[in-house]
Each structure stands twice: as structure tokens, then as C-alpha cells.
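A look at the structure
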Amino acid sequence: MSADEILDALDPEQREVATALHGPVCVLAGAGTGKTRAITHRIAYGVRVDAYAPQSVLAVTFTARAAGEMRQRLRALGASGVQARTFHAAALRQLSYFWPQVVGGQIPQLVEQKAPLVGRAARHAGLSPDRLTVRDLASEIEWAKVSLVAAEDYAATIARQGRPTPAGLAAAQVVDVMRAYEEAKSDAVVLDFEDILLLLADMIGRHGEVGEQIRRQYRHFVVDEYQDVSPLQQFLLEQWLGQRRELCVVGDPAQTIYSFAGASPRHLLGFTRTYEDAAVVRLVRDYRSTPQVVNLANGLMAERGGVRSGVELVAQRPSGPEPIYTAYDDEPAEAAGVADRVGALISGGVAAAEIAVLYRTNSQSEALEEALSERGIGYLVRGGQRFFDRDEVRKAMVLLRGEAVAASELPLGERVRSALAEAGWSEQAPAARGAVRERWEALESLAQLADDFAADAGGEATMREFVEHLAERAQAQHAPVVDGVTLTTMHAAKGLEWDAVFIVGCSEGLMPISLAETDEAVAEERRLLYVAVTRAREHLHLSYARARKSGGRATRKRTRFLEKWWPQAARPATRRASRAERLEGLDADQAHLFEALRQWRLGVAQEASKPAFTVFADPTLIDIAVQRPRTRGELAQINGVGAVKLDQFGAQVLRVVADN
């Protein structure tokens with residue numbers, strides 16, 4: 001692409017980002033406003049006009065998936081030499097290079113899981129911890145290290161911040177475990193992930209030649225998701241920069257949801273105090289969500305006292321359906337209701353892979369998995385085993401590498417499917433659900449990915465290029481889309497989007513979580529709901545269960561965050577209108593349509609020799625008469641119209657509505 005073509009692909013605010021090539025730049029980018037597009041085009045434009053050498057740019061972000069996506073976009077824009085990595089990946093690369101020169105020998109092995117060492121340290125400190133206590137202690141050690149809180153300062157720091165100790169332990173006990181953990185690491189000659197950043201920052205500070213060499217290599221820095229940087233990451237960034245000012249940061253204070261892990265938006269919010277002459281650009285045009293979704297998102301942020309610290313989104317998409325709010329009697333009923341509506345959306349033409357169910361805690365997924373399985377709806381629990389670590393995928397990768405060295409003139413898709421067949425793939429999906437179907441869907445996603453890769457290359461892609469592409473995706477843990485409904489936590493949903501999003505458990509105790517005891521913790525829970533809401537492109541369903549179990553006491557209340565929008569939130573509960581009262585409330589056109597629907601229902605029931613109410617109950621026909629659905633998707637939103645009835649009667653009902 002030429003320089004002009006790079007800029008022509010942007011809106012005015014994105015173009016302002018792309019042309020701000022030098023000096024400190026702060027981009028406040030709301031959800032769905034195209035921040036990745038803006039910063040990748042900025043880098044590519046800088047390379048195209050010779051403002052940057054590709055190798056002199058380091059772009060850092062927070063997930064391997066986001067870094068992989070950034071590299072792919074930069075390659076497509078002609079800036080393939082740019083380094084796009086996570087903080088840890090960039091730091092590990094540099095530390096591995098300088099360690100032999102500064103320390104000698106090879107860098108110690110990395111420990112991926114702290115738990116074994118933390119458990120040993122806790123027992124050394126005189127504790128008898130269970131698995132959950134070990135997990136909480138490991139999280140606390142990680143928080144202290146990324147927050148640059150030394151063991152000797154821990155007690156005073158948490159007292160000042162009002163931070164509770166893990167597992168009800170005394171602060172002195174936690175300090176003993178912290179010290180014992182560092183000793184255990186030294187004895188085992190291993191490093192943890194936080195050590196990578198700490199040791200590199202220390203090495204740059206102590207050894208001037210290391211800092212100079214890094215700064216000669218990297219002259220321009222871009223930091224994505226800057227609202228999530230920890231004090232440790234900010235400290236390393238400052239070491240990378242030295243006294244230079246070639247820094248572009250991108251973030252959204254409204255999406256700060258990792259404070260519990262040490263992330264802080266203060267570096268983003270205080271950027272213009274650090275750099276008084278910084279250029280500030282606000283990306284406000286939301287290309288992802290409908291105005292209905294955007295209005296709710298803006299309202300959520302306005303409720304916390306304004307959006308002055310972030311941006312107020314302006315929807316760019318056409319109008320869509322209003323968000324749907326539902327209260328269920330209990331969690332099993334909520335799971336069943338959500339599964340029915342998911343089925344209806346799929347029957348209405350929404351792809352299963354474009355539907356997600358989000359929840360606050362992992363324990364909420366079990367009932368949802370059961371309800372979806374009962375209805376034969378495929379699903380993927382995000383946050384489970386990594387895609388490229390699955391046995392069938394690893395076997396497929398071996399087979400594909402073998403196929404890459406063989407000579408063949410067959411199209412890429414055929415060669416890939418031939419290799420996948422040896423791993424268990426077949427043309428037809430297995431009828432069984434569960435593990436068998438999940439294995440097939442994983443292999444099928446590789447086959448579909450091959451088709452997409454070939455299409456992107458204009459049909460000229462080779463098997464070797466595809467295998468290299470897969471290797472890069474595996475390194476970045478950038479899994480292909482599996483054809484199933486996504487089940488995941490709100491935290492894990494950040495950075496993703498779907499056509500339809502169901503947010504379950506919108507009740508006090510879950511949203512905000514009962515552990516959120518301070519005003520700031522509650523504010524973060526509100527931001528978490530904002531992140532969940534802004535994952536939806538078009539369909540948004542919010543629900544909660546009044547009781548946990550069937551027959552349990554209905555003690556739960558809907559979340560305070562949605563009181564303003566929940567239907568009849570400001571009015572006391574009233575008696576449900578009777579059938580006769582609802583019929584009296586119909587106008588002449590609605591009454592005419594209702595009668596036409598009743599006559600249609602009678603004919604269907606007589607033909608099937610079944611009672612009329614088994615087709616549709618009167619309340620459902622009344623709702624249809626009032627709402628006058630025009631599409632299967634609109635019909636699917638009406639209570640009483642499940643997936644099975646939508647398939648059986650949907651076309652007939654829509655015809656009756658259209659004829660009347």
C-alpha cells in the first residue's frame with residue numbers, strides 16, 4: 001500500500017493518530033473504535049514515509065494473541081520487520097541475549113507454575129496450606145512483584161491500601177512465605193515470569209552499555225492496552241526509553257479490569273502530566289456495536305460520574321434490537337432459557353461461533369454446558385486447554401509438516417484435509433456430542449483455516465507457507481475459530497467480540513462480586529460489566545436467577561448497575577395482567593392479527609390432533625400480535641418461541657403476520 005492508501009483506509013481521528021509520528025502521543029480509544037487499526041496504520045505509515053526503520057519499532061501489548069494479530073496486520077501493510085510482542089516476550093528475548101554477556105552462562109529455566117514452589121515455601125514458613133490457599137498466596141506474590149512491593153514494605157503497603165491478606169493470614173505470615181519462595185527459586189535455580197521484567201530492568205539500570213544497545217536498536221515504542229500496565233511494566237518501559245520521548249500509548253480507562261493483579265490506569269490518566277506537550281487523540285466512533293448496545297455502555301460509564309476520563313462512544317452501525325433483560329426463577333431455569341434463546345438465534349441464521357455466554361466466575365459454566373448439550377448445541381469453554389496443546393491438534397501439526405515436504409499439485413485445502421483424515425477428521429461431522437465432536441470440530445477448524453489462508457493468498461498459497469502460518473499462530477496461541485457457542489468469563493472476553501452476547505448472573509453478589517468491598521473494587525466491577533456489554537455487536541441479553549437451586553428461596557436481587565435500564569426497575573412489582581386484560585389492551589389491528597393467529601393455530605392443532613396450546617399459548621400469540629415480528633430473528637426473541645417451535649412454525653407465523 002502507498003502512504004496515501006494507508007491513510008485513506010482511516011477515519012479522521014484514526015488518521016490523526018497515524019500522522020502523529022513523533023513525540024509523546026496518547027490515544028484514548030473506546031471499545032470497538034479501531035485502535036489496533038489506528039496504531040498498525042500509524043506504524044506502517046511511518047515506515048512508508050521513511051520516518052521509521054521497521055527494525056527500530058517495538059510494539060508491546062498484553063496477550064500473545066493480540067501481538068500475533070498485530071504482526072499479521074503489519075505484514076499486510078508492508079511493515080513486516082516491526083517487532084510486536086508482549087512485555088514478557090520482548091523482555092525474555094532481550095534478557096536471554098544479554099545474560100551470557102553480563103552474568104555468564106545460560107539464563108535459568110523459567111517456572112510456568114508458581115504453585116509447587118509456593119506450597120513448599122508456605123510449609124517452610126510453618127503453614128499447612130490447602131490447594132486454594134497456595135493459589136491465593138501465589139497470586140499475592142505475583143501482585144507484590146508487579147507492584148514493586150518488597151517483602152519488608154508489604155505489611156505497610158497493604159495497610160495503607162486497605163488490601164486484605166490472602167486466606168485470612170497475618171501480613172507477617174505472607175511476608176515469611178514471600179521470602180521463602182524467593183529462597184526456593186534460588187535453590188532450584190529457576191526464574192518466574194515477573195523475574196524476567198525485574199532482572200532486565202535492573203540489568204539496564206546497572207549496565208549502561210546494555211541500555212545503550214537496546215536504545216540503539218529500538219527508537220520508537222508503541223504500548224497497547226496502556227490502562228493495564230503494572231508499576232513493574234512501567235518501570236521497564238522507562239528503562240527502555242531512557243530520556244527519549246518517542247512513545248505512543250493506547251488505552252481506555254473504562255476497560256481497566258485487572259487492578260487485582262497490579263494493573264493501574266494512573267499511567268494512562270497521568271500521561272499528559274508526565275509529557276505536558278503530548279498529542280492526545282480520542283477515538284470515539286464505535287464500529288462494532290449497534291446504537292442500542294452503545295447507549296447502554298455509555299450509560300454504565302456515565303453512572304459512575306461521567307466519562308471524562310475515557311471516551312463517550314458514538315455508534316456507527318445501523319439500529320438493532322434493544323437489549324433483552326430477563327429474570328429467571330433459578331440458575332437451572334436461567335441456563336435453560338439462555339440455551340433456548342441461543343438455539344433460536346442459530347435457527348434464525350446467527351452462526352454458533354458468533355454467540356457467546358459470559359459469566360463472572362468459572363463455576364457458573366456447568367449448568368450452561370449441560371443445558372446446551374441437552375439441546376445438541378456445540379460449545380467451547382474458553383480458558384480450558386489451549387487449542388494448540390490438544391493431542392489431536394498436535395498430531396495434526398506433525399502430519400501437516402510431513403505433507404509440506406511432499407510434492408503435490410493438489411489445492412491447499414485438499415492436501416490439508418487428506419493429512420487431517422489420518423488424525424481422525426472426516427467429511428461428515430459425528431452425530432455424537434462431547435469429546436468426540438470437540439475433536440472433530442478442532443480438526444475441522446484447521447481445514448477451514450486452510451481455505452481462508454488460500455483465499456487470502458489468491459489461491460497461490462503453498463503447504464509450506466500454511467505450516468509456517470500455523471507455527472506462528474501456535475506460538476502466539478492464536479487459535480482458529482471453532483464452530484460452537486463460546487462460554488467464558490467476562491475477564492477472558494476482553495479483546496473479543498460476537499454478534500450475540502448473553503451475560504448471565506447479573507445479580508448482587510455476582511455483579512458486583514461479593515468480594516468487592518471497597519468503592520474502587522465496585523467501580524472495577526462496573527467497568528467489567530461495561531467490557532462484557534461492549535463485546536456484543538447486535539444482540540445483547542442480560543439475565544439473573546432469583547434463586548440458586550430449583551425450589552430455593554428467591555433472595556437474589558438484580559445488580560445495582562442495571563437498575564436504571566431493567567424494565568420497570570423504578571416501579572414496584574405488580575400483578576401480571578390476565579389474559580382478558582391483555583386482550584382488552586390490544587388495538588384494532590393487533591386484535592385482528594391475534595384472531596388470525598388463533599385461526600392458524602387451530603388448523604395446525606387439528607391436523608396434528610393436539611390441543612391448541614401445545615402449538616403456542618395465548619400469551620405468546622398476544623406478544624406476536626403486539627410486536628409484529630418481520631424476521632426469524634425477531635420472532636425468536638418472543639417468550640414461548642423456542643428453537644424447535646421456530647423451526648416447525650416460524651415461516652408460517654411470519655406469513656400470517658405479513659398477510660395481516
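About the thresholds
Counting restarts for each chain: residues are numbered from 1 in the order of the written sequence. Where totals are concerned, whole chains, interfaces and linings use all residues; where local detail is concerned, this predicted model gives features only for residues with pLDDT of at least 70, and gives and counts side-chain atom pairs only at 80 or more. Neither water nor hydrogens contribute to the side-chain values; these are computed over all heavy atoms in the structure. UniProt positions are given in the numbering used here, feature names are shortened, and annotations may be inferred rather than shown by experiment. In this text, helices come from DSSP runs of H or I with a minimum length of four residues, and strands from runs of E with a minimum of two, each type numbered from the N-terminal end. Every radius of gyration here is taken over C-alpha atoms, with the globule rule written as 2.2 Å times N^0.38, N being the number of residues. A 1.4 Å probe rolled over the protein chains alone gives each residue an accessible area, and that area as a share of the maximum for its type sets the label: buried under 20%, exposed over 50%, partly exposed in between. Contacts are residue-level and defined by heavy atoms, with any inter-residue pair within 4.5 Å sufficient. Each accessible area is a Shrake-Rupley result for a 1.4 Å probe, and residues are judged covered by the shown protein chains and nothing else. For two strands to pair, DSSP has to find at least two bridges joining them. For a helix, the expected span equals 1.5 Å multiplied by the residue count minus one. In this description, the arc belongs to the directions extending from the helix axis to the C-beta atoms. Lines fitted to the C-alpha atoms define the axes, with helices restricted to the stretch that makes contact. Angles between their N-to-C directions range from 0 to 180 degrees. What pLDDT conveys is the predictor's confidence in a given residue, as a value from 0 to 100. Each aromatic pair joins two rings of Phe, Tyr and Trp (for Trp, the six-membered one) with centres within 6.5 Å, and gets the label stacked for planes under 30 degrees apart, edge-to-face for over 60, and tilted for any other angle. In what follows, a disulfide is any cysteine sulfur pair within 2.5 Å. Looking down the strands as they point away from the viewer, one classifies a crossover as right-handed if the path from the first strand across the helix to the second runs clockwise. Whenever Lys or Arg places a side-chain nitrogen within 4 Å of a carboxyl oxygen from Asp or Glu, that contact is recorded as a salt bridge. Only buried residues count toward a nonpolar core, which is a set of Ala, Val, Leu, Ile, Met, Phe, Trp, Tyr and Cys residues joined through side-chain atoms within 4.5 Å.

In the annotation of an unreviewed UniProt entry, the chain is listed under the name DNA 3'-5' helicase and assigned to Demequina activiva. Under the UniProt heading Sequence similarities (unreviewed entry), the note attached to the chain is "Belongs to the helicase family. UvrD subfamily."

1. Thoughts on the overall build of the chain
Looking only at helices and strands, the chain features 27 helices and 16 strands. For 660 residues, the compact-globule estimate of 2.2 N^0.38 gives 26 Å, and the C-alpha radius of gyration of the chain, at 28 Å, lies within 12% of that figure. Viewed in the frame of its principal axes, the chain has a C-alpha envelope of about 90 × 65 × 50 Å. Out of the 660 residues in the chain, the part that is buried amounts to 51%. Look at the contacts in the chain between residues 6 or more apart in sequence, and 77% of them connect residues 24 or more apart. For the chain, the accessible area works out to roughly 30,900 Å², and carbon and sulfur atoms hold 48% of it.

2. Structural notes on the pairing of strand β11 (residues 324-330)
The buried count for β11 comes to 5 of 7 residues, which makes it a mostly enclosed element. Pairing of β11 with strand β16 (residues 536-547) involves 6 bridges; the strand directions are parallel. Note on β16: the bridge partner recorded for threonine 326 is serine 543.

3. Concerning the UniProt feature "binding site: ATP" (unreviewed entry) in the chain
Residues annotated by UniProt as "binding site: ATP" (unreviewed entry) correspond here to Ala29, Gly30, Ala31, Gly32, Thr33, Gly34, Lys35 and Thr36. Sequence-distant contacts of alanine 29, that is, excluding residues within four places in its chain, are made with Lys35, Val250, Gly251, Asp252, Gln255, Leu283 and Val311.

4. Looking at helix α4 (residues 64-76)
For α4, built from 13 residues, the straight-helix expectation of 18 Å at 1.5 Å per residue is met to within 8% by its first-to-last C-alpha distance of 18 Å. Looking only at α4, the buried set comprises Ala67, Gly68, Met70, Arg71 and Leu74. Projected down its long axis, α4 carries its buried residues within an arc of 160°, all on one side. Packing partners of the buried residues in α4 comprise α3 (35-48), β2 (57-61) and β3 (83-86). The positive-phi residue at the C-terminal boundary of α4 is glycine 78, with phi of around 85°.

5. Considering the sheet that holds strand β8 (residues 279-283)
Spatially, the 6 strands line up as an open sheet ordered β3-β2-β6-β7-β1-β8, and their pairing is parallel. Looking along the sheet, the strands with just one partner apiece sit at the ends: β3 and β8. If you compare each strand with its neighbour and ignore which way they point, the axes differ by 15° on average. Pairing analysis gives 4 bridges linking β2 to strand β6 (residues 220-223), with the strands arranged parallel. The residue of β6 that forms the bridge with valine 57 is histidine 220.

6. Notes on the confidence of the model for the chain
A residue-level look at the chain finds 95% of positions with pLDDT of 70 or above and a mean pLDDT of 88. Put simply, helix α23 (residues 579-584) is where the chain has its lowest mean pLDDT, 76, and strand β15 (residues 498-503) is where it has its highest, 97. pLDDT under 50 marks residues 569-575. Its contacts with residues more than four places away, or in other chains, come to 3 contacts.

7. Notes on unusual backbone geometry
With omega at 5°, the peptide bond leading from methionine 511 into proline 512 counts as cis. You can see proline 512 is positioned in the loop between β15 and α22 (519-533). In this structure, valine 189 takes a positive phi of about 55° despite not being glycine. Its location among the elements puts valine 189 in the loop between α9 (171-188) and β5 (190-191). Residues other than glycine seldom take positive phi values, yet glutamate 225 does so here, at roughly 50°. The class for glutamate 225 is buried, based on a relative accessible area of 14%.

8. Here we look at the packing of aromatic side chains
All chains considered together, the criterion is met by 14 aromatic pairs. Ring plane angle 65° and centroid distance 5.7 Å describe the contact between phenylalanine 62 and phenylalanine 87, whose orientation is recorded as edge-to-face. Residue phenylalanine 62 is located in the loop between β2 and α4, and its partner phenylalanine 87 is located in helix α5 (residues 87-102); the two are separated by 25 residues in the primary sequence. On the accessibility criterion, phenylalanine 62 (27% relative accessible area) is partly exposed. Under the relative-accessibility criterion, phenylalanine 87 is labelled buried at 1%. Members of the aromatic cluster, connected to one another through ring pairs, are Phe62, Phe87, Tyr218, Phe221 and Trp240.

9. Brief notes about the side chain of threonine 40
Position of threonine 40 relative to the elements: it lies in helix α3. Note on threonine 40: relative accessible area 1%, which makes it buried. Leave out the neighbours within four places in its chain, and threonine 40 touches Met70, Arg73, Leu74 and Leu77.

10. Digging into helix α19 (residues 412-421)
Counted residue by residue, α19 has 7 buried out of 10 residues, so it is predominantly covered. Those residues of α19 that sit buried are Leu412, Gly413, Arg415, Val416, Arg417, Ala419 and Leu420.

11. Describing the state of the cysteines
With the rule as written, the count across this model stands at 0 disulfides. This cysteine, cysteine 26, is not joined by any disulfide, and cysteine 248 carries the nearest cysteine sulfur, 8.3 Å off.

12. Structural notes on the pairing of β6
Residue alternation in β6 divides its side chains into two sets, His220 and Val222 and Phe221 and Val223, and both sets are buried. Here 3 bridges tie β6 to strand β7 (residues 247-251), and the two strands are oriented parallel to one another. Residue pairing across strands places phenylalanine 221 opposite leucine 247, the latter belonging to β7. Remark: the β6/helix α12 (residues 231-241)/β7 crossover connection has right-handed handedness.

13. Some words on the sheet that holds strand β14 (residues 485-489)
In space, the 6 strands of this open sheet follow the order β11-β16-β15-β12-β14-β13, with parallel pairing throughout. Among the strands making up the open sheet, the edge pair consists of β11 and β13 (379-381). For this sheet, the mean inter-axis angle between neighbouring strands, taken without regard to orientation, is 20°. Across 4 bridges, strand β12 (residues 355-359) lies against β14 in parallel orientation. By the bridge assignment, leucine 358 is partnered in β14 with threonine 488. Against the sheet, helix α15 (residues 291-302) engages β11 and β16, with an angle of about 55° to β16. Running at roughly 160° to β13, helix α17 (residues 365-374) makes contact with β12, β13 and β14 of the sheet.

14. Re the pattern of salt bridges
With the rule as written, the count across this model stands at 38 salt bridges. We note a salt bridge from glutamate 13 to arginine 285, for which the minimum N-O separation is 2.6 Å. With a gap of 272 residues between them, glutamate 13 in helix α2 (residues 12-19) and arginine 285 in strand β9 (residues 285-286) connect regions that are remote in the sequence. What makes arginine 285 partly exposed here is its relative accessible area of 26%. A salt bridge links lysine 114 to glutamate 142, with the nearest nitrogen and oxygen atoms 3.3 Å apart.

15. Digging into the nonpolar core
Ranked by size, the top nonpolar core spans 76 residues in total, and within it Val223, Trp240, Leu247, Ile503, Val533, Leu540 and Leu542 carry the most contacts. Setting aside residues up to four positions removed in sequence, isoleucine 503 forms contacts with Leu358, Met490, Leu529, Ala532, Val533, Leu540, His541, Leu542 and Ser543. Of all hydrophobic cores here, the second largest spans 31 residues; its members include Val17, Ala20, Val25 and Leu283.

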